[in-house]
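# Structure at a glance
Here is what each chain is made of, one letter per residue.
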Amino acid sequence: MKIKIGAACLIIMLIGVGCIRETPVTSSSWSGSGVEVYNDYEPLSNIALRVFYYIPKNIGPASPIVFILHGAERNAIEYRNALIDQAEVRGCIIVVPEFSEADFPGVSAYQIGNVYENGDAPSENTLNPESIWSLSLLEPLFNFVKLKTQNTSNTYFAVGHSGGAQFLHRMLLFKPGLRIEKAVVSAAGWYTETDNTIDFPYGIRNSPFANLSFKSIFEKNMVIQVGSADNNSNSSGLRQTPEAQLQGANRLERAQYFYESAAARAKSESFAFNWEIEVVPGLTHDYVKATNKAITLLFP
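Small disclaimer: the values here were computed from a predicted structure and weren't measured.

### Here's the deal with the overall build of the chain
In terms of helices and strands, the chain carries 10 helices and eight strands. Its C-alpha atoms give the chain a radius of gyration of 18 Å, near enough to 19 Å, the size a compact globule of 300 residues would have. Expressed along its principal axes, the backbone C-alpha trace of the chain runs to roughly 50 × 45 × 35 Å. In the chain, which comprises 300 residues, the proportion classed as buried is 56%. Partitioning the intrachain contacts of the chain with sequence separation of at least 6 by distance along the chain shows that 68% fall at a separation of at least 24.

And the structure:
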């Protein structure tokens, strides 16, 4: 599915999220809690991407920038609000881009990254240009955030939860040269495996990624986080296709399978492996607790 753009989308995005309204106001620099529309990335300049942020009171020019990728409910403002205390304690800048359903409709355009018009039925004729992948937005957005916060950092951090974890792990797999220093992939419902014998989107066969450099992927600092109680096999929104079921019956099993299969591949090919897995005792699929825990994994 191609990303929907146009004036109608702009109107939708300015209305707000749920019953909470926060009108974007363009400013020369950011401070405190706010939101701003980002449309400086030329290939997607017709999309008014709302960016919710929180800037702690005491920051320096090199304070860490943390991108938070929300879940399928697209509730960016709530993710931002849930991490304000963490931002103050850790001295990090929180940035939550809103991938609205209007502009990034369905799983294909957001979670699978808009790589194909329909990510579940990929074909050579429906492959989108990399420039309009939703996965291509974070790198130019990082430059924008640096400008707005007068920040000099050369790298950034990222946390994705649920649908956002799907987006984030695929970005780490499919976008070489990212400036991400460390990422936490939290409780994805299903994964694209580092396996070139499984068809996309569950693996990388028959896709532009069939010849990925596994060496460079396994060198990335990625933590796969999941709750020990995120084990409901009938959880709302959990993909139930036969291919997803092969990864496990629930999010806990699928996270473990994704990590263990990648670790086995790295070992068999003698690659360095910098991934970690964090099974959080008692944690369910609660995005507030999960994202707060993820920040502590970024900054122990």
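### Quick notes on the environment of Ser 216
Position of Ser 216 among the secondary structure elements: in helix H7 (residues 214–218). When its relative accessible area of 35% is taken as the criterion, Ser 216 is described as partly exposed. Engagement of the side chain of Ser 216 in a polar contact is seen with the backbone oxygen of Ser 213, the distance being 3.0 Å.

### Digging into the side chain of Asn 151
Within the fold, Asn 151 resides in the loop between helix H5 (138–149) and strand E5 (156–161). We classify Asn 151 as buried; its relative accessible area is 6%. For Asn 151, the side chain forms a polar contact with the main-chain oxygen of Pro 61, separated by 3.3 Å.

### Quick look at helix H6 (residues 163–174)
With 12 residues, H6 extends 17 Å between its outermost C-alpha atoms, agreeing within 8% with the 16 Å of an ideal straight helix rising 1.5 Å per residue. Of the residues making up H6, those classed as buried are Gly 163, Gly 164, Ala 165, Gln 166, Phe 167, Leu 168, His 169, Arg 170, Met 171, Leu 172, Leu 173 and Phe 174.

### What to know about the nonpolar core
Judged by nonpolar contacts, the single largest core of 65 residues is most densely connected at Phe 67, Phe 99, Tyr 156, Leu 168, Met 171, Ile 180 and Trp 275. When residues no more than four places from it in sequence are discounted, the contact partners of Phe 67 are Val 95, Pro 97, Leu 138, Leu 141, Phe 142, Val 145, Tyr 156, Phe 157, Ala 158 and Val 159. Counting residues in hydrophobic clusters, the runner-up holds 22 residues, among them Tyr 79, Phe 157, Ala 294 and Ile 295.

### Some remarks on helix H10 (residues 287–298)
In a regular helix each residue adds 1.5 Å, so 12 residues correspond to 16 Å; H10 covers 16 Å between its end C-alpha atoms and thus fits that length. Those residues of H10 that fall on the buried side of the exposure criterion are Ala 290, Thr 291, Asn 292, Ala 294, Ile 295, Leu 297 and Leu 298. Here H10 starts with a cap whose side-chain oxygen sits 2.8 Å from the backbone nitrogen of Val 288, and that cap is Asp 286.

What counts, and where the lines are drawn
Residues numbered from 1 in each chain as written. Predicted model: local features only at pLDDT ≥ 70, side-chain atom pairs only at ≥ 80, totals over all residues. Heavy atoms only, no water. Helix = DSSP H or I, 4+ residues; strand = E, 2+ residues; numbered from the N terminus. Rg over C-alpha atoms; globule rule 2.2 N^0.38 Å. Buried < 20%, exposed > 50% of the residue type's maximum accessible area, 1.4 Å probe, protein only. Contact = heavy atoms within 4.5 Å. Polar contact = N/O pair within 3.5 Å; in protein donor to acceptor, adjacent residues only side chain to side chain. Expected span 1.5 Å × (residues − 1). Core = buried A, V, L, I, M, F, W, Y, C linked by side-chain atoms within 4.5 Å.

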